[in-house]
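The chain contents come next:
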Amino acid sequence: MTASYVGSVSHSPADLLITGCTVLVHDDQERIRFERDAAIVVRDGRVESVTSAADVTDVVGLAATARLALEHGLPVHLHAVENRDQTDTSLSRNGVTPIEVLDRAGLLDTDLLIAHGTGITDHDLPVLERASGRTAVATAPRGYLKFAWPDTTPIRALREIGIPVGLATDGAASNNSLDVWESMALTSLIQKSTEGDPRWLTSRQALHHATLQSARAVGLGDSIGSIAPGRRADIVLVDLTGPHTQPVHDLAATLVHSARSADVRTTIVDGRVLMRDRELLTLDVPAVVRELGERLPALVDRSHGRRIQEYDT
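Summarised in this report is the structure supplied together with it. Keep in mind it's a predicted model, so treat the numbers as computed, not measured.

The subject of this paragraph is the packing of helix α8 (residues 180-195) against helix α10 (residues 251-258). α10 packs onto α8 with a crossing angle of 105° between their chain directions and a minimal axis gap of 8 Å. As summarised for this structure, α8 and α10 are arranged roughly perpendicular, according to the angle between their axes. Residue-level inspection shows W181, M184, A185, S188 and L189 of α8 in contact with α10, the latter providing L255, V256 and H257. Split into classes, the residues belonging to the contact of α8 with α10 amount to 6 nonpolar, 2 polar and no charged.

Moving on, we come to the environment of N176. Within the fold, N176 resides in the loop between α7 (172-175) and α8. Sequence-wise, N176 and G143 are 33 residues apart; in three dimensions their C-alpha atoms are separated by 8.8 Å. Apart from the residues within four sequence positions on either side, N176 is in contact with R142, K146 and G171. Polar contacts involving the side chain of N176 include one to the side chain of K146, which spans 2.7 Å.

Let us now look at helix α9 (residues 203-217). End to end, α9 covers 19 Å across 15 residues, agreeing with the expected 21 Å (1.5 Å per residue, within 8%). When the local axis directions of α9 are compared, the greatest deviation, roughly 40°, occurs at H209. If you follow the buried residues of α9, they end up packed against β6 (112-116), β7 (135-139), α6 (155-160), β8 (165-167), α8 and α10.

This part takes up the layout of surface pockets. Quantified by volume, the second largest pocket comes out at close to 1400 Å³. V180, A210, T211, S214 and V236 are, among the 46 residues lining the second largest pocket, the residues nearest its centre. Counting only elements with at least two residues in the lining of the second largest pocket, the list comes to β5 (76-80), β6, β8, α8, α9, β9 (235-238), β10 (264-269) and β11 (272-276). In terms of residues, the lining of the second largest pocket owes the most to one element, α9, which gives 6 residues.

Moving on, we get to the sheet that holds β8. Overall, parallel pairing links the 4 strands, which are arranged β5-β6-β7-β8 in an open sheet. Every interior strand has two partners, whereas the edge strands, β5 and β8, have only one. With strand direction ignored, the average angle separating the axes of adjacent strands in the sheet is 30°.

Quick notes on the rules
Residues numbered from 1 in each chain as written. Predicted model: local features only at pLDDT ≥ 70, side-chain atom pairs only at ≥ 80, totals over all residues. Heavy atoms only, no water. Axes fitted to C-alpha atoms, helices over the stretch in contact; angles between N-to-C directions. Helix = DSSP H or I, 4+ residues; strand = E, 2+ residues; numbered from the N terminus. Parallel < 35°, antiparallel > 145°, perpendicular 65-115°, else oblique. Contact = heavy atoms within 4.5 Å. Nonpolar A, V, L, I, M, F, W, Y, C, P; charged D, E, K, R; others polar. Polar contact = N/O pair within 3.5 Å; in protein donor to acceptor, adjacent residues only side chain to side chain. Expected span 1.5 Å × (residues − 1). Bend = angle between axes of the 7 residues up to and from the residue. 1 Å grid on protein atoms, 1.4 Å probe; cavity = no way out; pocket = protein on both sides within 12 Å on 5 of 7 lines; lining within 4 Å. Points joined across faces, edges and corners; volume = space filled by probe spheres on them. Pairing = 2+ DSSP bridges.

Pasting the structure below:
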């Protein structure tokens, strides 16, 4: 089963749009049936509607997702144009790039967050620039290195046309560390190498992508991403007294290239202290580790001999 997920970022119950799935449906006679190729709309933590989109092609399915997102005022997040292979395959099969597919489907009229985008071409840039929706890209550079992808997210080109680029980690299978601080440092270094310009993506620019650009990418640029009156109190306190951060000639450079996530001493989210002096206040870490140990055998079991997912570029 392949399903697409659309959801808002909120501290209240999530608004969700789940498409391309099969839904178990009950009637008032206590009978059940299965609604295939369905779309589920969730508003304020409750199911608002279940609609059918049976027998649709990929493009029509994307168009249905765009229509539902606009109808219900929901943002869309999907992995698209992840690498150049996907772009080449789309051009071969459809005669258009993945970005053009998204445009034709109407997804560029929604609030859209694209994961990766390393296959974005120069041809795609005018399409993205004229998008009527809020389009953004999330970059997760560690996975690109691990998979030996030849390209990375074209941050400089996207920045020039006003597309926000936020920092991400992707999943554990492609990232391992899930360390967004590491993503900040790697983004800066890889962009310099890719552009052949040591002055591009400075430490201050990297911090901007890690903070305000990332907030804009998820549609929260008006409420988080900077420390200012009226904004949510999302704050981290960083200890720069360790020997690996000395001497501090340039504070921005020290934060990006010398400091690491372990230097974050305290984390505050929406005014709530979640970690103080490296102690997590909302999680019982030993209990979580014990539960993980109990679940891991089933999670990593491959005795079935099948691939977890078939991935066709």
